[in-house]
Amino acid sequence: GSQGSVEVDMPGDINRLTVGNGSLYISHDSGVRRISLEGPCALAAHRVLATFEEDGRMLYEMLLSPDGKLLFAANMPDRPDEPIIAFDALSLRVRSEFGRSAFGQQAGAYAFGLAVMHTELFAGHQDANRIHAFTLEGQHTRTIRGEWSAPQDLCSINERLFLAATAATAAEAGSSEAGAI
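What comes next concerns the included structure. Model, not experiment: these values are computed from the prediction.

### What to know about the overall build of the protein
At step 1: Of the regular secondary structure elements, the protein holds one helix and 15 strands.
At step 2: Per-residue burial over the protein gives 44% buried out of 181 residues.
At step 3: Taking as baseline every contact in the protein between residues at least 6 positions apart, the subset at least 24 positions apart corresponds to 36%.
At step 4: As presented, the protein carries roughly 9300 Å² of accessible surface, and 48% of it is formed by carbon and sulfur atoms.

### Some points on the nonpolar core
At step 1: Judged by nonpolar contacts, the single largest core of 18 residues is most densely connected at Phe72, Ile84, Leu114 and Leu121.
At step 2: When residues of this core are traced back to their parent elements, those giving at least two are β6 (70-75), β7 (84-88), α1 (100-103), β9 (111-117) and β10 (120-125).
At step 3: Of all the elements, β9 adds the most residues to this core, at four residues.
At step 4: Core analysis: the next-biggest nonpolar cluster, separate from the first, contains 13 residues, Leu59, Leu71, Ala73 and Phe87 among them.

### As for the pattern of salt bridges
At step 1: Overall, the coordinates contain four salt bridges when judged by the stated rule.
At step 2: Between glutamate 53 and arginine 33 there is a salt bridge, and its shortest N-O distance comes to 2.9 Å. Placement of the pair is glutamate 53 in strand β4 (residues 48-53) and arginine 33 in strand β3 (residues 31-36), with a sequence separation of 20 residues.
At step 3: For arginine 33, a relative accessible area of 15% translates into the label buried.

### Topic: the sheet that holds strand β8 (residues 94-98)
Strand pairing in a sheet relies on backbone hydrogen bonds. The paired strands run either parallel or antiparallel.
At step 1: If you trace the four strands from one edge of the open sheet to the other, you get β5-β6-β7-β8, paired in antiparallel fashion. A single partner strand is all that each edge strand has here, and the edge strands are β5 (59-64) and β8. On average, adjacent strands in this sheet sit at an angle of 20 degrees to one another, irrespective of strand direction.
At step 2: Looking at chain direction, β6 and β7 are connected through five bridges and run antiparallel. Counterpart to leucine 70 in the pairing with β7 is aspartate 88.

Cut-offs and rules
Residues numbered from 1 in each chain as written. Predicted model: local features only at pLDDT ≥ 70, side-chain atom pairs only at ≥ 80, totals over all residues. Heavy atoms only, no water. Helix = DSSP H or I, 4+ residues; strand = E, 2+ residues; numbered from the N terminus. Buried < 20%, exposed > 50% of the residue type's maximum accessible area, 1.4 Å probe, protein only. Contact = heavy atoms within 4.5 Å. Areas by Shrake-Rupley, 256 points an atom, 1.4 Å probe, with all protein chains shown as cover. Core = buried A, V, L, I, M, F, W, Y, C linked by side-chain atoms within 4.5 Å. Salt bridge = Lys/Arg side-chain N within 4 Å of Asp/Glu carboxyl O. Pairing = 2+ DSSP bridges. Axes fitted to C-alpha atoms, helices over the stretch in contact; angles between N-to-C directions.

Here it is as structure tokens:
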């Protein structure tokens, strides 16, 4: 690549990138890798610091806890696993998996959009038009319902939770909304 780019060999398609702890976290078709951002921008200088890989385990959302100790990731839909995984952010060892009790067993029961505010992790439940709140340890604390449809993405800014939503029905197709909750 050019002087400002880095090529990293991955076992599948890249889904999401997250930066923190002097590292680049890359989710891909079978897991997540933590790559060093130390040194000059050259492939040889960027070593893999930690890896979590499991056949068929596609992670598509990632978010670091405010203290940088945990990396939260969401499993792709229609897997029998828990919808959310909490990793040790440095070693990528699985600390916990959670969310099935809040999201249920039905098809489409998956986390879509993750945000952390204070000591809570928020996860959108796209097909149920709600947001679930968990402790950082994974205990479900509450469900938030509103006038939105199909939560698409979440973020926390200045102690406010923001939501981007998409159309829930074919009649609303093409429409989207965003705002503070």
